[in-house]
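# Inside the fold
The primary structure of each chain is shown beneath.
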Amino acid sequence: MFSQDELKQQAAQAALDYVLPQLQPDSILGVGTGSTVDRFIDLLAAHRADFKAAVSSSERSTQRLRAAGVTVLDLNDVSSMALYVDGADEVDHQLSMIKGGGGALTREKIVSSVADRFVCIVDESKLVEQLGAFPLPIEVIPLAREAVAREVRQLGGQPVLRAGFTTDNGNQILDVAGLRYGDPIAFEAMLNNIPGVVCCGLFAISGAHVALVAGQNGVSRLELQD
Ligand code: 5RP
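Rules of the game
- Residues numbered from 1 in each chain as written.
- Predicted model: local features only at pLDDT ≥ 70, side-chain atom pairs only at ≥ 80, totals over all residues.
- Heavy atoms only, no water.
- Axes fitted to C-alpha atoms, helices over the stretch in contact; angles between N-to-C directions.
- Helix = DSSP H or I, 4+ residues; strand = E, 2+ residues; numbered from the N terminus.
- Parallel < 35°, antiparallel > 145°, perpendicular 65-115°, else oblique.
- Left-handed = near helix turned anticlockwise from the far one by under 90°.
- Contact = heavy atoms within 4.5 Å.
- Nonpolar A, V, L, I, M, F, W, Y, C, P; charged D, E, K, R; others polar.
- Near = heavy atom within 4 Å.
- Polar contact = N/O pair within 3.5 Å; in protein donor to acceptor, adjacent residues only side chain to side chain.
- Areas by Shrake-Rupley, 256 points an atom, 1.4 Å probe, with all protein chains shown as cover.
- Pairing = 2+ DSSP bridges.
- Core = buried A, V, L, I, M, F, W, Y, C linked by side-chain atoms within 4.5 Å.
- Buried < 20%, exposed > 50% of the residue type's maximum accessible area, 1.4 Å probe, protein only.
- Phe/Tyr/Trp six-rings, centres within 6.5 Å; stacked < 30°, edge-to-face > 60°.
- Lys NZ or Arg CZ within 6 Å of the ring centre and 35° of its normal.

Geometrically, a packed helix pair is captured by the angle between its two axes and the distance between the axes. At a minimum axis distance of 9 Å, the contact between helix H2 (residues 35–44) and helix H3 (residues 59–67) shows a crossing angle of 20°. Between H2 and H3, the angle falls in the class roughly parallel. By crossing handedness, the relation of H2 to H3 is classed as right-handed. Only Arg60, Ser61, Arg64 and Leu65 of H3 make contact with H2, whose side of the interface consists of Ser35, Val37, Asp38, Ile41, Asp42 and Leu44. Of the residues belonging to the contact of H2 with H3, the class tally is four nonpolar, two polar and four charged.

Below you can see the structure in the form of structure tokens.
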């Protein structure tokens, strides 16, 4: 029986095997945030000469990438990116995700939006029939925290401030339990429209293109047809 840590390692290895054949010397690789991605970065170190640079979704990943000898570019200096690799807190079979357990959701959504393909790497505990058991992270402007909290209570959610945490953008996070999404795309759009919401951790309007799911019987690949 593999532990969750071992499965994360296998997902990271599968991501490396997936991206390496697609990397060119001038390729820019998007890199997400989290413990699964940390393992991917560690594996990437041996292949840093196979691509030009990375764009990172957090200060944490930037530090780890630089320590691994990978050049990290600002997103503003990049006009295209073939691949973005990141973990998730939940992913469903439509490849919609909940993200932001590590607090990097806003930069993750921005960087991944520039990439042609989002490669989601998870252990099998993250693959769900329906999104919603994991409390939804919502990054808020501090001034708007209570106003946003009132709005999400109206939607049936129970918001909790992530104590002692400030995002890389200087904002706060509400973790919201109890939400039922129904139509995740419409729900994400509705949350985006609440004044003071910087970003929500629902990735349904733009989900992943492929998920590499590490389980007890190996890594399976879920892919939506274009
Ligand atoms: C960070 C994220 C992570 O991808 C998500 O929390 C999964 O993390 P881990 O790989 O540590 O389980 O969205 O903001």
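The ligand sits among 17 residues. The nearest are Ser35, Thr36, Asp89, Gly100 and Lys126. Separating an oxygen atom of the ligand from a side-chain N or O atom of Lys8 is a distance of 3.1 Å. In the model, an oxygen atom of the ligand is placed 2.5 Å from a nitrogen or oxygen of the Ser35 side chain. Out of a free accessible area of 380 Å², the ligand has 92% covered by protein chains. Among the residues making up the shell around the ligand, the classes are represented as two nonpolar, nine polar and six charged.

Spatial ordering of the open sheet is given by E4-E5-E11, a layout of three strands whose pairing is antiparallel. The open sheet terminates on both sides in strands that have one partner only, identified here as strand E4 (90–91) and strand E11 (202–203).

Leu29, Phe40, Leu65, Val85, Val119, Ile121 and Leu212 are the most contacted members of the largest nonpolar core, which totals 30 residues. The biggest single contributor to this core is helix H1 (residues 4–19), with eight residues. With sequence-adjacent residues up to four places away left out, Leu65 is seen in contact with Val31, Ile41, Leu44, Ala54, Ser56, Val70 and Val72. Formed by 21 residues, the second largest nonpolar core is a distinct cluster that contains Val128, Leu174, Val176 and Leu191.

Let us look at the packing of aromatic side chains. On inspection of all chains with the given rule, the structure shows three aromatic pairs. Taking 5.2 Å as the distance between ring centres and 75° as the angle between the ring planes, the aromatic pair formed by Tyr181 and Phe187 counts as edge-to-face. The buried category is assigned to Tyr181, whose relative accessible area is 7%. On the basis of relative accessibility, which here comes to 7%, the residue Phe187 falls in the buried class. Linked through ring pairs, Tyr84, Phe118 and Phe203 together constitute an aromatic cluster. Between Lys99 and the ring centre of Phe203, over which it is positioned, the NZ or CZ distance is 5.8 Å.

With that settled, consider the sheet that holds strand E2 (residues 53–56). Read across the sheet, six strands follow the order E2-E1-E3-E6-E12-E13 without closing on themselves; strand pairing throughout is mixed. Looking at the sheet topology across the chains shown, the edges are occupied by E2 and strand E13 (218–223). Averaged over all neighbouring strand pairs, the angle between strand axes comes to 20°, with direction disregarded. Relative to E2, strand E1 (residues 28–31) is paired through four bridges, and the arrangement is parallel. When the bridges of E2 are listed, Ile28 appears paired with Ala53.

A few words now on the pairing of E13. Bridge count for strand E12 (residues 210–215) against E13 is six bridges, and the pairing is antiparallel. Bridged to Val213 within E13 is Ser220. Connecting E12 to the antiparallel partner E13 that follows it, the hairpin turn spans two residues.

Read these as geometric descriptors, not functional statements.
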